[in-house]
Amino acid sequence: MSNLEEIKKRRTFAIISHPDAGKTTLTEKLLLFGGAIQTAGAVKSNKIKKTATSDFMEIEKQRGISVATSVMTFEYKDLLINILDTPGHKDFAEDTYRTLTAVDSVILVIDCVKGVEEQTERLMEVCRMRNTPVIVFINKLDREGQNPFELLDELETKLSIRVRPLTWPINMGANFKGVYSLYEQMLYFFKINKTKIESDVAKVSLEDDKLVDLLGERDALQLTEDVELVEGVYDVFSEEAYQKGQLAPVFFGSAINNFGIKELLDTFCEISPIPQPRPTDVREVSPMEPKFTGFVFKIHANLDPRHRDRIAFLRICSGKFERGKFYKHVRMGKDVRFSSPFTFMASAKSVMDEGFPGDVVGLYDTGSFKIGDTLTEGENLQFSGIPSFSPEIFKELINLDPMKSKQLEKGIQQLTDEGVAQLFTLDLGNRKIVGTVGELQFDVIQYRLEHEYGAKCRWVPMGITRACWLTADEKPAMDQFIRLKGNQIAYDKDRNPVFLAESEWMIRMNRENNPAIHFHFTSEFK
Ligand code: G4P
């Protein structure tokens, strides 16, 4: 098969949702449909139910054994589908944001009872930054949810994206009868069903008398009215607008009951984008280019202290990746090769001899990778658009054992390379400040420093709420600002100056008083 054919076969996406909306269930059902797993319950939830370190560690250990959950690949209708797993817990949101840089589209799951929730809004902000195409799946129709029109309005206003329903529900909760596919003119009948993967269907137009026989007079009338309203209010579905990330098609269903999944998956296969071009610091890289390029978007720690190796997940962006071949590690300026890269076909790990754009390769790493690192066939370019976001909680790292300062230094450097948290250093006294989006990471880091590196630490909370990356039109202005602000200036791992702000007000005031300095809320500001 030619490279072009390989590329056209691939679809790489992530399922995102607020925790509990049904992401794990939907993932599992898609795998079930794709034949990648045979029984429900095979996909381990990566959900952290309690906010406890031990719980997290337990899950991470399980995942360490079965890293397959990070990427799930299956074949369906001659396509090779890669689902990239994203952590549901809000404390790990940054991990999810980064995974979104490696996909070409997303499926967003919404709980019909709860509607658009906080985490959904944040995730969609990231999708909008990159114009990622989105399909919405409104889940749990077997429960008494909100009115579908209200749900769609909420999606449009809270997520700032136009929507277009492609199926329409007939009631909800105890009276839920199924959905009507507006394009196929097909009724899908709902049954409580946790095992069978196909629903009963009937092809019927809304004008057909059969509709009343199938649904009863009241529901048939309601459906006809609803559909009339839908057709009146929403523009016809445009694949182009979807691919540009401007319009989200919407499906209704019940993941746990295998209901609505097939229509979702079939439409996904039809409309979702093939592997897309990606920006670098010098030019855009097209997947069709003959030479291999790729970038690391996730690093998975091995929590077994006897094996300190890690796994770097690399998204292939162009060309062909081949096992055993030398590639350039651009940041380090050296050639590297991998004798046992692996992939995740049918949820089992297997050696990957070659990979194509859209694929994710797992690479064993002994500490040479950082999130965002690029591999090429010699060209000097770095993939961009993998930003760090400002953390929300900041604490100073205090070494509790002076004999172990080397271990602590190495540990914190490596853990922050993995993207567990961000590290900022104050020039004065080389003080280390760690920033995260959730409290849980501090426990995780402390635990891992002790168990993997033998270094003990404690945390001192700091009165900082935001980190702003700084740039200036002229160097003297920056030098002066840095001198003036003293301990409010720290450096990130790439020695970029960062302003540590106590409050939004502080940022505003400093912005006003220093017009030559530019404040940025993500690490990428080209
Ligand atoms: P998440 O990954 O987005 O966090 O959600 P997950 O799939 O774990 O689903 C969250 C809960 O919602 C689970 O129940 C799951 O069984 C339930 N669920 C998923 N889809 C549907 C649906 O279509 N209808 C209904 N009624 N429930 C659904 P749980 O009690 O938290 O877990 P479990 O004990 O059932 O595994």
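Preceding this paragraph is the structure being described.
What comes next concerns the included structure. Numbers given for residues are sequential positions, taken from 1 along each chain in its written order. Only residues with pLDDT of at least 70 are given local features in this predicted model, and only at 80 or more are side-chain atom pairs given and counted; all residues enter the totals for whole chains, interfaces and linings. To obtain the side-chain values, all non-hydrogen atoms of the structure were included, while hydrogens and water were left out.

### Examining the overall build of the chain
Only DSSP runs of H or I covering at least 4 residues are called helices, and only runs of E covering at least 2 are called strands; the numbering of each starts at the N terminus. Check the secondary structure of the chain and you find 14 helices and 31 strands. Looking at the chain as a whole, 57% of its 526 residues qualify as buried. As displayed, the chain has an accessible area near 22,600 Å², and 50% of this comes from carbon and sulfur atoms. Residue burial is assigned from relative accessible area. The probe radius is 1.4 Å, only protein chains are included, and a residue is buried under 20% of its type maximum, exposed over 50%, and partly exposed in between. For the accessible areas, the method is Shrake-Rupley and the probe is 1.4 Å, while residue cover comes only from the protein chains on display.

### Description of the packing of aromatic side chains
A pair of Phe, Tyr and Trp rings is counted when the ring centres sit within 6.5 Å of each other, with Trp represented by its six-membered ring. The angle between the planes then sorts it: under 30 degrees is stacked, over 60 is edge-to-face, the rest tilted. Taken as a whole and assessed by the stated rule, the structure comprises 20 aromatic pairs. Centre to centre, the rings of F190 and F259 are 5.3 Å apart; their planes meet at 80 degrees, and the pair counts as edge-to-face. Within this pair, whereas F190 is found in the loop between β9 (186–189) and β10 (200–203), its partner F259 is found in the loop between β11 (247–252) and α10 (261–271), the two being separated by 69 residues in sequence. The class for F259 is buried, based on a relative accessible area of 2%. Each member of the aromatic cluster is reached from another via a ring pair, and the members are F149, W168 and F252. Over the aromatic face of F442 sits the side chain of K395, whose NZ or CZ is 4.6 Å from the ring centroid. Positioned above the aromatic ring of Y491 is the side chain of R495, whose terminal nitrogen or guanidinium carbon lies 3.8 Å from the ring centre. For a Lys NZ or an Arg CZ to count as sitting over a ring, it must be within 6 Å of the ring centre and within 35 degrees of the ring normal.

### A word on the sheet that holds strand β3 (residues 79–84)
A pair of strands is labelled paired if DSSP reports no fewer than 2 bridges between them. Taken together, the 7 strands give an open sheet; going across it, the order is β2-β3-β1-β4-β5-β11-β6, and neighbouring strands pair in mixed fashion. Each having just a single partner strand, β2 (71–76) and β6 (162–165) make up the two edges of the open sheet. On average, adjacent strands in this sheet sit at an angle of 30 degrees to one another, irrespective of strand direction. In terms of strand pairing, strand β1 (residues 10–17) meets β3 through 5 bridges, oriented parallel. Bridging across to β3, F13 finds its partner in I83. Axis lines are fitted to C-alpha atoms, over the contacting stretch for helices. Their N-to-C directions set the angle, which ranges from 0 to 180 degrees.

### Structural notes on the nonpolar core
Residues belong to one nonpolar core when they are buried, are Ala, Val, Leu, Ile, Met, Phe, Trp, Tyr or Cys, and are joined through side-chain atoms within 4.5 Å. Formed by 83 residues in total, the largest nonpolar core has its most connected members in I138, L155 and L223. With 6 residues, the single largest contributor to this core is strand β15 (residues 310–318). Ignoring sequence-local partners within four residues, the contact set of L223 consists of W168, I170, Y180, L187, L206, L211 and L215. With 30 residues, the next largest nonpolar core counts F74, V109, A241 and I271 among its residues. Contact between two residues is taken to exist if any of their heavy atoms lie within 4.5 Å; hydrogens are not considered.

### Here's the deal with helix α14 (residues 504–513)
Buried residues of α14: M506, I507 and N510, and no others. Taken down its axis, α14 places every buried residue within 100 degrees of arc, on the same side. Every exposed residue of α14 that faces more than 90 degrees away from the buried side is listed here: W505 and E512. In this structure, the buried residues of α14 make contact with β28 (466–472), α13 (475–485), β30 (497–501) and β31 (517–520). Summarising the geometry, the arc corresponds to the directions from the helix axis toward the C-beta atoms.

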